[in-house]
Amino acid sequence: MLTLADGVQLHVSVTGPKDAPVTVVLSHGWCQDRRTWRQQIAALDEMGHKAPRVIAYDTRGHGRSSATHLRSATLAQLGDDMAEVVRRFAPSGPVVLAGHSMGGMAAMEYAHRHPAEFADRVKGLLLVSTTAEGHTHTRYGLPDQLATLLRAGETLGAGLLARSGAWRPHRVMLPALRPALRWLLFGDECAEEAMMLTMRGLGRAPLRSIGGFRESIGAQRRLDTLAGLADMPAAVLVGSRDRLTPPACAESIAAALPGAELTVVPGAGHMLPLERPAEVSAALVTLVRRAARQAKRDRRPTMARSRCRKAA
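Scope of this entry: the structure provided in the associated data block. (Residues numbered from 1 in each chain as written. Predicted model: local features only at pLDDT ≥ 70, side-chain atom pairs only at ≥ 80, totals over all residues. Heavy atoms only, no water.)

**Quick look at unusual backbone geometry**
The residue Cys31 is not glycine, and still its phi comes out positive at about 65 degrees. Structurally, the position occupied by Cys31 is in the loop between strand S4 (23-27) and helix H1 (38-45). Backbone geometry places Ser129, a non-glycine residue, at a positive phi of 50 degrees. Tracing the backbone through its elements, the reader meets Ser129 in the loop between strand S7 (122-128) and helix H5 (144-162). Given a relative accessible area of 0%, Ser129 falls into the buried group. (Helix = DSSP H or I, 4+ residues; strand = E, 2+ residues; numbered from the N terminus. Buried < 20%, exposed > 50% of the residue type's maximum accessible area, 1.4 Å probe, protein only.)

Dropping the structure here:
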């Protein structure tokens, strides 16, 4: 557990070799938990002696982390939380950040609120099914007028849920919600394990988290922050049938990030780490290998200077 300044406790899992040349930090999406990344963690472990250190944590108010205060249910706070996770669990060496949905937005907040630290530590960025423009492009796969009405209702409902506290009465309704969740979150294919994991994550999220983060998510604008990351190695993935963060979201991110590679996964929806794990894992492994090679090149001048001093 990591206890933050406001008393919130984050559940953090750390795997992989302590002396790994690269650390990967994984941040999950809204109303989910760190288990979203289970197949990517397995893929990183399969890198053998080149495997990175892997840090996966449950965002405040999600999973096994403690409930958040309503005033702290913001993306800005999540960016600060991510910075603290990096400081405490990866105090040195290159870091590759991976964020799915809200987790990607938290990574952008980390870059915005702690620019010098981010530039010094982060050497790779994986953004999956996320946006830097709030709900600008979100249409839920519906015509514009219907999407506008749905967003208005969703925003009103989120405000009510945010003030409902840290309880979870919706868990008993999840079986009835399954068809709607299947349509909203997945594309052409949906494995039973992926669906069940998604529903369990939602069942763990208290009403305050479900509603509380909505305003901040809808309002975020961070394209300028991304444009300032210069040549940061990055991969941006999105499903062609993503109804929450459609391809337009990923396209604007890739346009702002000069070093980004954009991948639109045909037929896939919003839950790419679970829905198309091979594509997400491959992009993450590529960034880790690139960061490790760069770290090795950066060490060579230091080693050369050390040998020269010894010879003198």
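**Let's talk about a nonpolar patch on the surface**
A cluster of nonpolar residues, Val172, Met173 and Leu177, forms a patch on the protein surface that exposes about 290 Å² of accessible area. For Met173, the location among the structural elements is in the loop between H5 and helix H6 (174-185). (Patch = residues over 30% accessible without salt bridge, like charges linked within 9 Å, V, L, I, M, F, W, Y side chains within 5 Å. Areas by Shrake-Rupley, 256 points an atom, 1.4 Å probe, with all protein chains shown as cover. Salt bridge = Lys/Arg side-chain N within 4 Å of Asp/Glu carboxyl O.)

**Focus: the sheet that holds S7**
Read across the open sheet, the seven strands follow the order S3-S5-S4-S6-S7-S8-S9; overall the sheet is mixed. Sheet topology places strand S3 (12-15) and strand S9 (260-265) at the edges, where each strand pairs with a single neighbour. Within the sheet, the average angular offset between the axes of one strand and its neighbour, ignoring direction, is 15 degrees. Note that S7 and strand S8 (residues 234-239) share four bridges and pair parallel. Residue pairing in the sheet places Leu126 in a bridge with Ala235 of S8. Against the sheet, H1 makes contact with S3, S4 and strand S5 (53-57), and its axis sits at roughly 170 degrees relative to S5, the strand it touches most. (Pairing = 2+ DSSP bridges. Axes fitted to C-alpha atoms, helices over the stretch in contact; angles between N-to-C directions. Contact = heavy atoms within 4.5 Å.)

**Regarding the layout of surface pockets**
Its boundaries defined by the atoms lining it, the second largest pocket holds a volume of some 240 Å³. Taken together, Pro21, Met47, Lys50, Val288, Arg289, Ala292, Arg293, Lys296 and Arg299 make up the full set of residues lining the second largest pocket. (1 Å grid on protein atoms, 1.4 Å probe; cavity = no way out; pocket = protein on both sides within 12 Å on 5 of 7 lines; lining within 4 Å. Points joined across faces, edges and corners; volume = space filled by probe spheres on them.)

**Focus on the environment of Gly48**
Tracing the sequence through the fold places Gly48 in the loop between H1 and S5. Here the alpha-carbon distance between Gly48 and Pro17, two residues 31 residues apart in the chain, equals 9.9 Å.

**With respect to the side chain of Thr130**
Of note, Thr130 is situated in the loop between S7 and H5. One polar contact links the side chain of Thr130 to the main-chain carbonyl oxygen of Ser101, over a distance of 2.7 Å. Look past the residues within four positions of Thr130 in its chain and what remains in contact with it is Ser101, Gly104, Met105, Met108, Thr245, Cys249, Ala250 and Ile253. (Polar contact = N/O pair within 3.5 Å; in protein donor to acceptor, adjacent residues only side chain to side chain.)

The values are spatial; any link to function lies outside them.
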